[in-house]
Structure formats: C-alpha cells, structure tokens
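In case you want the letters, here they are:
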Amino acid sequence: MFAALRRWRRRRAADRMQISSDQWHRVETGLPFLDYLPPEERPRLRRMALEFLADKEIHGAEGLVLDDDILLSIALQACLPVLHIGLDVYADWVGIVVYPGDFVIPRSIADEDGVVHEYDDEVLGEAWEGGPVLLSWFEPGEAVEGVNVVIHEFAHKLDMGNGEVDGYPALPAHMPAAEWAGAFKPAYEDFCLRVDRDEDTGFDPYAAEDPGEFFAVMSETFFEAPRLLKTGYPAVYDQLARYYGQDPAARA
C-alpha cells in the first residue's frame, strides 16, 4: 500500500513540472550517449526523470548551486539504467548530495594488529547502503574523461539491492545467476591480469579494484561506449543487455 501511495505522489508531482522542449534538448545534448536509446523510448526516460526528481531530495554541497539543468542531467543519467527495471528499485533511500568536483571522505581502517589508521580518501562519488548517493559535478570540459560518475554510483545502488556491493545485483527471474557468474567472473579475472601487465585496455582500470567496481565500470561502458564492451567482453555485454533490457550497441 505504501509503495502504491509513493508512486501516486511522485506521478502527481511530476505532472506539475513544466520542462520546455528547448531545455530538454539543451540538457540531452550534453549527454550524447542518450542517442543510443531508440527514439521512441526518449519520452519514457524523460517522464521517469521527472518522477525521480519528485521522489528524491537533491542538495548541493560546498556552495554548489543546483540549477534545473544540473538536476535534469543527474535524473536522466540515474534513470537510464532502470528504464526497464523501474524506479521502485531506488525506493529505500531519498538523498543525493552533489559536490563541485571531487571531494574528500575521512576514513579509518584497522590493520591486522588492531591499529587504526585514519586517512582522507579523495573520491568522485560514493553510494551508501540505505543512505544517500554522493556525486561530484564538473562544468563542461572539466569532467574526468572516460568516467560517468552518475551511472557508476547508481550501478552500485543496484548492486546493493540484494546486500553487499559484490558485482551481483538482484537478477530478474529469467536470468540465471550461474550465467551471470559465468560471464563476469572470467572477464574480471582477465581484466585484472591485463591491468597488472599495464595493458591499455580501453576501460577504466579502476574496474580491477574488486568485482563491485568491475560491474559499475562495465555498466558505465555499456551505456557510454557499448561497442567497446561488446567487442572486449561480449558475454558481459550480453548479460548487461538482458539485465538492463537495452541494446545500445545496436545503435552505436
């Protein structure tokens, strides 16, 4: 009942939002990978983005003022992966905090002797289980090349849907877990070997950090450079195409 009420409220709020065609065009021009989406699905993505904005609380940090273009851009990118999954998968949290560029998160870690070491970790984004998504925002021309922070962090949110961030999100009934593992595990191991050999793989080497980061980076690549992924790791591409319900390489 509560889920149905929440959907009704966000739909009503989205109905009241007025976005001009010029503004949609301006924001989407800054996201050229949306052209991989079939034209008939663009209205669906726009509508989902409005409902996303109605459902989430987005705040700027460190003096960053979030104008409507920034909000629309974040919403479109966050909704692209769940276009055929549904917004309810994001239902267990509400907050998004946006920083002007990269930011620092204080961390502490205990070594094997129990000694706690504290350090500052400079990051581009972070997703917290049951909590907010932290994002960095860069002005045009300043973004880190080959990195989509929004898709990356929202892929982590999907990964958290069944527990820890381990590269194995909650799969729909038609996708056997064994097939997912059979595609991702050897691809991840191969990628780590290539990174260790200092090969130029074409992918963000951060994907070698752990299976969770591999899933997030491969999700970025699936939407932004689909032919690269389909050529480099075709089995991974096929699994992501089934999971996301999209085939961006067909229009790349």
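Structure first, text after, so check above.
Worth saying up front: this structure is predicted, and the values here are computed from it rather than measured.

Caption draft 1: Here's a closer look at the environment of Lys230. Structurally, Lys230 can be placed in helix H8 (residues 226–232). Separated by 18 residues in sequence, Lys230 and Pro248 have C-alpha atoms that sit 9.9 Å apart. In contact with Lys230, not counting residues within four places along its chain, are Tyr237 and Ala249.

Caption draft 2: Fine view of helix H1 (residues 2–15). The first and last C-alpha atoms of H1 sit 20 Å apart over 14 residues, in line with the 20 Å expected at 1.5 Å per residue. If you check which residues of H1 are buried, you get Arg10, Ala13 and Ala14. Along the axis of H1, the buried residues cluster in a sector spanning 100°; they form a single face. On its buried side, H1 packs onto helix H3 (42–55).

Caption draft 3: A look at the environment of Val123. Relative to the elements of secondary structure, Val123 occurs in strand S4 (residues 116–123). Exposure remark for Val123: the relative accessible area of 11% places this residue in the buried category. A C-alpha to C-alpha distance of 19 Å links Val123 and Gly141, two positions 18 residues apart in sequence.

Caption draft 4: Seen up close, the nonpolar core. Counting 68 residues, the largest nonpolar core has Phe52, Ile96, Phe154, Met218, Leu229, Leu240 and Tyr244 as the members making the most contacts within it. The greatest single-element share of this core, amounting to eight residues, is contributed by helix H4 (residues 68–79). Excluding residues that lie within four positions of it along the chain, Phe154 makes contacts with Phe52, Ala78, Tyr90, Trp93, Ile96, Val133 and Leu135. Membership of the second largest hydrophobic core comes to six residues, among which are Ala61, Phe103, Ile105 and Val123.

Caption draft 5: Layout of the pattern of salt bridges. Applying the stated rule across the entire model yields 16 salt bridges. Here Asp69 and Arg26 are joined by a salt bridge, their closest N and O atoms 2.7 Å apart. Taken together, the residues span a long stretch of sequence, with Asp69 in helix H4 and Arg26 in helix H2 (residues 21–29) at a distance of 43 residues. The salt bridge partner of Glu199 is Arg194, with a shortest N-O separation of 3.1 Å. Connected through salt bridges with shared partners, the residues Arg7, Arg10, Asp15, Arg47, Glu51 and Asp88 form a single ionic network.

What counts, and at which threshold
Residues numbered from 1 in each chain as written. Predicted model: local features only at pLDDT ≥ 70, side-chain atom pairs only at ≥ 80, totals over all residues. Heavy atoms only, no water. Helix = DSSP H or I, 4+ residues; strand = E, 2+ residues; numbered from the N terminus. Contact = heavy atoms within 4.5 Å. Expected span 1.5 Å × (residues − 1). Buried < 20%, exposed > 50% of the residue type's maximum accessible area, 1.4 Å probe, protein only. Arc of directions from axis to C-beta. Core = buried A, V, L, I, M, F, W, Y, C linked by side-chain atoms within 4.5 Å. Salt bridge = Lys/Arg side-chain N within 4 Å of Asp/Glu carboxyl O.

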